[in-house]
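Inside the fold
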Amino acid sequence: MPNSIVIQVGQCGNQIGSRFWDMVLQEHAKYNRKGVYDDALATFFRNVNEKRGARNIPVGDGQKKITGLKGRGLLIDMEEGVVNQIRKSPLSELFDDEQQITSHSGSGNNWAVGHCLYGPEYRDAILEGVRRQAEYCDALQSFFMIGSLGGGTGSGLGSYICAMLQDEFPEVYRFYATVSPSENDDVVTSPYNSILSLSKLIDTADCVLPMENQALLDIYERVIAQTQGPSNRQKKSAITDSGNSTFGGMCGLGPRKSHPFDAMNNIAANLLMNMTSSMRFEGTMNVDINDIVTNLVPFPRLKFLISSMTPLYTLANVKPPPRRLDQMFIDAFSRESQLIRADPKASTYLACALIARGNIEISDLRRNVERMASHLTFVPWNQEGWKTGLCSVPPVTQPYCLLSLANNCCVRQSFSDLHLRFKKLYRRKANLHHYTEHIDVGDIASSAANVEELIHEYSLQERNRK
Ligand SMILES: Nc1nc2c(ncn2[C@@H]2O[C@H](COP(=O)(O)OP(=O)(O)OP(=O)(O)O)[C@@H](O)[C@H]2O)c(=O)[nH]1
Ligand SMILES: [Mg+2]
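Read on for an overview of the structure. (Residues numbered from 1 in each chain as written. Chains lettered and ligands numbered in written order. Predicted model: local features only at pLDDT ≥ 70, side-chain atom pairs only at ≥ 80, totals over all residues. Heavy atoms only, no water.)

1. Some words on the overall build of the chain
In terms of helices and strands, the chain carries 16 helices and 13 strands. Summarising the internal contacts of the chain: among those between residues at least 6 apart in sequence, 82% fall at separations of at least 24. Put simply, the chain shows about 18,100 Å² of open surface, and 47% of that area lies on carbon and sulfur atoms. (Helix = DSSP H or I, 4+ residues; strand = E, 2+ residues; numbered from the N terminus. Contact = heavy atoms within 4.5 Å. Areas by Shrake-Rupley, 256 points an atom, 1.4 Å probe, with all protein chains shown as cover.)

Here it is in structure tokens:
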């Protein structure tokens, strides 16, 4: 079974990463009752208790300390706050000191500080950390990076690390889950950071999974509205995992304060969980991570996959109202379910993957793909551009769910919005001097041109629709 390493960078990256580790543990705890170190666990965890061999890994009650497992991950931030919180939580059992790389002052919401100062300064330490994790793997297949576009560390250092991985591990797939800032974001410089970071990722990642904070928030609010519960507080905790209950599989985060981003981060973490479900569990039609890149990225630069997950209440810890399975497929293509604010049905698909989990038959998949295909527009050269997968293991609280990953031209809307916000600042040279201390103004202009070119390339595909 292939192994993957998670590299979480900056505040947002580490906070989403924490949710991921906690939830992935829950999932394995539910389906690995005997505590056997198996292929499924090996994807993201290594067994560090050789004496125990493959057996007796404490799994499943959410109480016992983890003593036999370490996560295949690196926790990187140029300030200490978030990583210190992880250190104080039961999740800390998962990570040795060598897996945590922090500094003191952060990148001050400045991409250039993260990229040009901290990048070279921490390169050796980070590379050493990655190498060590890679050595622990039997078959390292992919890196999953997580970070925001709007801050300084996730965007600046994160994109630096992605380029470093491209140089040092060219044969290992680089997936990058990005979070774009909402318009009322409190980081004034986020448009600069986003454009500079995006430009680097166009050239260095194999596949980017863009999410927007506004879309995550909208989904969260919709889940709350759909969730039936006696009180608002209960409804909220259904998705935010409030601090009162132990929320975790083998370790649990234990009692802790819920964080405003928790609900949104759960959604983001679910994306990574579902995407890797068929790497981790058995299924009649497994979709490997290679398959996703090969099938969904037809051109090296057009590698941005929009995602949706249905039913929406999969994201909440509540009992689903009875609904038709087919509705889940219809919803997966709706604007409201997308993790960016864009409408794939009104735009052109280059390719689309559907990964279904749980008690779903191949015939359900076929029927729904056939039915949906007539409502969607695919590029003329890839009319049958579907990739489908079935993983028999459902998410923890629901009988089934569906992840859609699509290379769709509507993604350019997300970049156009960021580019517009960038231009507003750049035209007046507002805040620019913070960047030109570290990079040439020409570098900023060429990054913007690179993103504009990407928007143009997606527009061309759109125009070529039949
Ligand atoms: N969804 C989500 N967004 C977050 C979270 N934390 C921060 N953000 C968003 O990320 C952007 C700021 O980036 P951060 O991740 O805080 O910055 P950083 O990478 O730590 O970089 P510096 O603090 O500037 O060194 C803003 O758009 C925030 O709204 C989080 O936990 N979840
Ligand atoms: Mg920070």
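2. Digging into the pairing of strand E4 (residues 73-77)
Of all five residues that make up E4, five are buried, and the element is covered over most of its length. Sheet topology note: the strand E1 (residues 3-9)/E4 ladder contains four bridges and is parallel. Across the sheet, the residue bridging to Gln 8 is Leu 75, located in E4. Relative to strand E5 (residues 100-102), E4 is paired through three bridges, and the arrangement is parallel. Across the sheet, residue Leu 75 finds its bridge partner in E5, namely Gln 100. (Buried < 20%, exposed > 50% of the residue type's maximum accessible area, 1.4 Å probe, protein only. Pairing = 2+ DSSP bridges.)

3. Here we look at the pattern of salt bridges
Applying the stated criterion across every chain, the model contains 17 salt bridges. Across the pair Asp 206 and Arg 174 runs a salt bridge, and its minimum N-O distance is 3.6 Å. Taken together, the residues Asp 206 in the loop between helix H6 (190-204) and strand E8 (207-212) and Arg 174 in strand E7 (residues 173-180) connect sequence positions 32 residues apart. In this structure, a network of salt bridges that share partners links the residues Glu 27, Arg 280 and Arg 357. (Salt bridge = Lys/Arg side-chain N within 4 Å of Asp/Glu carboxyl O.)

4. Quick word on a positive patch on the surface
A contiguous patch of positive charge, built from Lys 423, Lys 424, Arg 427 and Arg 428, is present on the exposed surface. Positionally, Lys 424 belongs in helix H14 (residues 411-427). (Patch = residues over 30% accessible without salt bridge, like charges linked within 9 Å, V, L, I, M, F, W, Y side chains within 5 Å. Lys, Arg positive; Asp, Glu negative; His and termini not counted. Charge placed at Lys NZ, Arg CZ, Asp CG, Glu CD.)

5. Here we look at the environment of Phe 45
Counting through the fold element by element, Phe 45 comes out in strand E2 (residues 45-47). A C-alpha to C-alpha distance of 8.7 Å links Phe 45 and Leu 94, two positions 49 residues apart in sequence. Discounting residues that sit within four places of it in the chain, Phe 45 has contacts with Trp 21, Val 24, Leu 25, His 28, Tyr 37, Leu 69, Lys 70, Gly 71, Arg 72 and Leu 94.

6. Focus on the side chain of Ser 278
With respect to the helices and strands, Ser 278 occurs in helix H10 (residues 277-280). In contact with Ser 278, not counting residues within four places along its chain, are Asn 286, Val 287 and Cys 391.

7. Details of helix H7 (residues 213-226)
The terminal C-alpha atoms of H7 lie 20 Å apart, and with 14 residues this matches the ideal 20 Å at 1.5 Å per residue to within 8%. When we look at burial in H7, the residues that qualify are Asn 213, Ala 215, Leu 216, Ile 219, Tyr 220, Val 223 and Ile 224. (Expected span 1.5 Å × (residues − 1).)

8. Thoughts on the packing of helix H4 (residues 111-135) against helix H5 (residues 153-168)
Taken N-terminus to C-terminus, the directions of H4 and H5 make an angle of 45 degrees; their axes are 8 Å apart at the nearest point. Our classification of the angle between H4 and H5 gives oblique. Crossing of H4 against H5: the hand is right-handed. Here Trp 111, Gly 114, His 115, Tyr 118, Gly 119, Pro 120, Arg 123, Ile 126, Leu 127, Val 130 and Arg 131 of H4 lie close against H5, whose contacting residues are Ser 155, Gly 156, Leu 157, Ser 159, Tyr 160, Ile 161, Met 164, Leu 165 and Glu 168. Looking at side-chain class alone, the contact of H4 with H5 contains eleven nonpolar, six polar and three charged residues. (Axes fitted to C-alpha atoms, helices over the stretch in contact; angles between N-to-C directions. Parallel < 35°, antiparallel > 145°, perpendicular 65-115°, else oblique. Left-handed = near helix turned anticlockwise from the far one by under 90°. Nonpolar A, V, L, I, M, F, W, Y, C, P; charged D, E, K, R; others polar.)

9. Description of the site of ligand 1
Taken together, 21 residues form the shell around ligand 1, and within it Gln 15, Asn 109, Thr 153, Gly 154 and Asp 185 come nearest. Between ligand 1 and the protein, one listed contact pairs an oxygen atom with a side-chain N or O atom of Glu 79 at 3.1 Å. Contact between ligand 1 and Thr 153: an oxygen atom at 2.6 Å from a side-chain N or O atom of the residue. For ligand 1, the protein covers 94% of the area, taking 640 Å² as the surface of the free molecule. Among the elements of the structure, helix H1 (10-31) and H5 are those that each provide at least two residues to the shell around ligand 1. Here the element with the most residues in the shell around ligand 1 is H1; it accounts for four residues. (Near = heavy atom within 4 Å. Polar contact = N/O pair within 3.5 Å; in protein donor to acceptor, adjacent residues only side chain to side chain.)

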